[in-house]
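So the chains spell out like this:
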Amino acid sequence: MSPTDPQVLGHAFLKAMYDDGYYPDHVVDKGRAVLLRLCARVEAERPADLAALYTLTHAATEEFNALDEEFHEAGSEIETVAREAIAEEFWFVASAYGFPEADIEELIAPREW
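As the structure is a computational prediction, the values presented were derived from the model and not from experiment.

Draft legend 1. Molecular detail of the packing of aromatic side chains. The tally for this structure, following the rule as stated, stands at five aromatic pairs. An aromatic cluster of at least three residues, connected via ring pairs, comprises Tyr 22, Tyr 23 and Phe 71.

As structure tokens, then:
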């Protein structure tokens with residue numbers, strides 16, 4: 001399933017990472033896919049409150065945790081620029097789906113990067 005929200009479809013996920021040669025596109029592509037799956041899950045499950053949204057974003061954060069190893073293998077890592085870019089994307093997703101009050105740190109609470 002793919003997201004259908006026009007705001008999401010028109011958004012350039014992880015643009016800052018794609019624009020920086022330090023981050024290999026093939027791994028950033030996987031991060032973008034994580035975010036698009038998150039959007040599809042939010043659309044399918046329609047979380048009723050922040051707690052339900054956080055459950056979804058925490059699962060997606062765990063996927064990014066797993067990607068960190070792939071970044072390392074490709075000579076890169078999820079460091080300051082990437083952390084900020086990824087966190088901003090999680091907040092974008094929360095806002096796009098009606099949760100602008102979401103706490104950015106709570107959205108990505110289980111992060112290991």
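Draft legend 2. Structural detail: the pattern of salt bridges. Summed over the entire model, instances satisfying the criterion amount to five salt bridges. The salt bridge involving Asp 19 is made with Lys 15; its shortest N-O contact spans 2.6 Å. The partner of Glu 105 in a salt bridge is Arg 111, with the nearest N and O atoms 3.5 Å apart. Looking at Arg 111, the relative accessible area reads 31%, which means it is partly exposed.

Draft legend 3. Here's a closer look at the nonpolar core. With 35 residues, the main nonpolar core has Met 17, Phe 64, Phe 71, Ile 86, Phe 90 and Leu 107 as its most contacted residues. Sorting the residues of this core by element identifies helix H3 (25-45), helix H4 (50-73) and helix H5 (80-96) as the ones contributing at least two each. Looking at this core, the element that brings in the most residues is H5, giving nine residues. Other than its neighbours up to four places away in sequence, Phe 90 contacts Leu 35, Leu 38, Thr 57, Ala 60, Thr 61, Phe 64, Leu 107 and Ile 108.

Reading the values: rules and limits
- Residues numbered from 1 in each chain as written.
- Predicted model: local features only at pLDDT ≥ 70, side-chain atom pairs only at ≥ 80, totals over all residues.
- Heavy atoms only, no water.
- Phe/Tyr/Trp six-rings, centres within 6.5 Å; stacked < 30°, edge-to-face > 60°.
- Salt bridge = Lys/Arg side-chain N within 4 Å of Asp/Glu carboxyl O.
- Buried < 20%, exposed > 50% of the residue type's maximum accessible area, 1.4 Å probe, protein only.
- Core = buried A, V, L, I, M, F, W, Y, C linked by side-chain atoms within 4.5 Å.
- Helix = DSSP H or I, 4+ residues; strand = E, 2+ residues; numbered from the N terminus.
- Contact = heavy atoms within 4.5 Å.

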